[in-house]
Amino acid sequence: MTQKLRVAVIGAGIAQRHLTGYGWNKDLFEVPVLCSLDAERAKPVCEEFGIAEYTQDADLLFARDDIDVIDICTPPYNHFELTRRSIEAGKHVICEKPLFGSLAEVDLMAEILAKSDHKLMPIFQYRYGAGLQKLKRLMAEGLTGKPFMTTIETHWWRGADYYEVPWRGKWATELGGGLLGHAIHAHDMLNYVHGECAEVFAYGATLLNKIEVEDTMALAVRMKNGSLAALSMTLGSRKEISRLRFCFENLVAESITEPYTMARDPWTFTAGTSEHQEQIERALADFVPTEDSYTRQFELFHQAIVNDTELPVTLQDARNSLELVTAAYHSERTGRPTPLPISREHPLYRSWLPEPEVAAAKSA
């Protein structure tokens with residue numbers, strides 16, 4: 001009989017997508033309780049997903065010995081504290097993006113986890129689309145060749161109504177703009193395919209909404225593997241698209257442009273010769289797609305917990321994404337390329353928030 005993990009969910013917004021993922025894994029997970037300060041939103045969520053208990057007191061979750069996992073689906077500014085308390089209470093943790101508000105917090109969490117036998121999994125559910133997984137297979141089989149160039153477009157629309165939610169658009173509570181909260185998924189796929197970044201140059205601007213944080217950004221990136229990348233993000237695109245294009249020595253991989261499902265099929269893989277095209281087709285002929293998104297990430301999380309193996313998304317994966325963000329903010333403010341890795345001596349290591357907002361974030 002499969003071991004079920006009992007999950008307490010904190011939050012009632014993006015949490016609904018998590019709950020759908022658990023629902024597709026009913027033999028692996030049970031969600032007995034949801035915690036949220038917003039009763040008007042949370043109680044219908046409990047009813048829809050058959051959650052027996054509702055509470056506004058997170059302390060009750062930490063104290064319960066019948067909870068295996070705490071799933072954090074709150075605004076970004078309290079991710080670190082909730083994660084810390086969950087781990088110290090003896091729970092495994094799943095946490096939405098962006099994981100934390102600084103590289104210093106990521107490294108401190110690594111120290112906390114090193115003293116615990118519990119695990120933390122950041123959320124990067126886009127990795128599990130069939131199109132991206134096909135590219136990973138072609139890379140593993142040596143059919144892509146040397147990487148040259150990657151372009152990633154995250155062109156979405158977020159108007160004034162989106163920012164009516166009080167915590168959005170503010171450094172102290174959202175911790176960043178579109179680069180951190182929206183394009184972070186696509187940029188994680190850059191790291192997932194090519195590994196770590198080596199240098200970043202960035203321009204950022206707030207062009208659409210009256211908010212504190214950026215809604216438009218352009219990045220030039222040099223990867224540690226020697227390839228280059230051009231990343232663009234805007235929340236001012238009336239036609240929403242997401243697009244990833246990977247140029248390798250032996251093929252070009254191109255995603256679909258659906259804004260929120262760009263990792264899914266049908267991707268195209270175009271080779272330089274007919275012979276190599278046939279090799280690609282043979283390599284993918286027996287590819288069997290799995291469930292994707294949260295459903296697949298949660299399934300793999302369950303395997304890692306039950307078998308005590310490495311998580312499908314690690315703290316280092318989250319660090320890579322936040323290191324790219326940190327470097328981009330530093331470059332945008334200094335007008336110079338920012339090399340990576342970001343060390344403890346870097347001026348933005350402890351926070352990328354502009355100076356006046358640092359104190360506000362600490363008191364938020």
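The structure contained in this document is the topic of the report that follows. Residue positions are counted from 1 within each chain, in the order its sequence is given. Side-chain atom pairs in this predicted model are given and counted only at pLDDT of 80 or more, local residue features only at pLDDT of at least 70, and totals for whole chains, interfaces and linings cover all residues. Processing note: side-chain calculations cover all non-hydrogen atoms of the structure and skip hydrogens and water entirely.

## Brief notes about the packing of helix 1 (residues 15–23) against helix 11 (residues 293–307)
Thought 1: Axis lines are fitted through C-alpha atoms, for helices just across the contact stretch, and the angle between N-to-C directions can take any value from 0 to 180 degrees. The numbering of helices and of strands both runs from the N terminus, where a helix is a DSSP run of H or I of at least 4 residues and a strand a run of E of at least 2. Remark: helix 1 packs on helix 11, axes separated minimally by 8 Å, with the N-to-C direction vectors making an angle of 60°. Judged on the interaxial angle alone, helix 11 and helix 1 are oblique. In this structure, helix 1 meets helix 11 at a crossing whose hand is right-handed. Residue-level inspection shows R17, H18, G21 and Y22 of helix 1 in contact with helix 11, the latter providing Y294, T295 and F298.
Thought 2: Throughout, the ten residues Ala, Val, Leu, Ile, Met, Phe, Trp, Tyr, Cys and Pro are labelled nonpolar, Asp, Glu, Lys and Arg are labelled charged, and all others, Gly among them, are labelled polar. Of the residues contributing to the contact of helix 1 with helix 11, the split by class is three nonpolar, three polar and one charged. Angle categories: roughly parallel below 35 degrees, roughly antiparallel above 145, roughly perpendicular from 65 to 115, and oblique for all the rest. A crossing counts as left-handed when the near helix is turned anticlockwise from the far one by less than a right angle, and as right-handed when that turn is clockwise. Note on contacts: a residue pair is in contact if any heavy atoms of the two residues lie within 4.5 Å.

## Digging into the sheet that holds strand 7 (residues 147–157)
Thought 1: One open sheet accounts for eight strands, arranged 13-12-11-7-10-9-8-14; its pairing is mixed. Bordering the open sheet on either side are strand 13 (268–271) and strand 14 (338–339), each of which pairs with just one other strand.
Thought 2: Of the strands in this sheet, strand 12 (251–254) and strand 13 touch helix 10 (residues 274–284), which is tilted by about 145° from strand 13.
Thought 3: Helix-sheet contacts for helix 12 (residues 315–334) involve strand 8 (197–205), strand 9 (216–223), strand 10 (228–234) and strand 14, and the interaxial angle to strand 8 is about 55°. By definition, two strands form a pair when at least two bridges between them are found by DSSP.

## Concerning the packing of aromatic side chains
Thought 1: Any pair of Phe, Tyr and Trp rings, taking the six-membered ring for Trp, is counted once the centres come within 6.5 Å. Such a pair is stacked with planes under 30 degrees apart, edge-to-face with planes over 60 apart, and tilted for the rest. The tally for this structure, following the rule as stated, stands at twelve aromatic pairs.
Thought 2: A ring pair is formed by F80 and F100, whose centres lie 5.2 Å apart and whose planes are at 75°; its orientation type is edge-to-face. On the criterion of sequence distance, the pair formed by F80 in helix 4 (residues 79–88) and F100 in the loop between strand 5 (92–95) and helix 5 (103–114) is long-range, its members being 20 residues apart. Like F100, F80 is buried.
Thought 3: One aromatic cluster is present, built from ring pairs that chain together Y22, F29, Y294 and F298.
Thought 4: Note on geometry: a ring has a charge over it if NZ (lysine) or CZ (arginine) is within 6 Å of the ring centre and within 35 degrees of the ring normal. The ring of W157 carries the charged tip of R238 above its face, separated from the ring centre by 3.6 Å. Burial classification: accessible surface area is computed with a 1.4 Å probe over protein chains only, and a residue below 20% of its type maximum counts as buried, one above 50% as exposed, and the rest as partly exposed.

## Section: unusual backbone geometry
Thought 1: P98 follows K97 through a cis peptide bond whose omega is -20°.
Thought 2: Within the element layout of this structure, P98 appears in the loop between strand 5 and helix 5.
Thought 3: Residues L340 and P341 are joined by a peptide bond in cis, for which omega reads 5°.
Thought 4: Within the secondary structure layout, P341 lies in the loop between strand 14 and helix 13 (355–363).

## Some remarks on the packing of helix 9 (residues 184–194) against helix 12
Thought 1: Contact geometry of helix 9 with helix 12 gives a least axis separation of 9 Å together with a crossing angle of 115°. Here helix 9 lies roughly perpendicular to helix 12, going by the angle between them. Here the hand of the crossing between helix 9 and helix 12 comes out right-handed. Packed against helix 9, whose contacting residues are I184, H187 and N191, the element helix 12 presents N320, S321, L322 and L324 at the interface.

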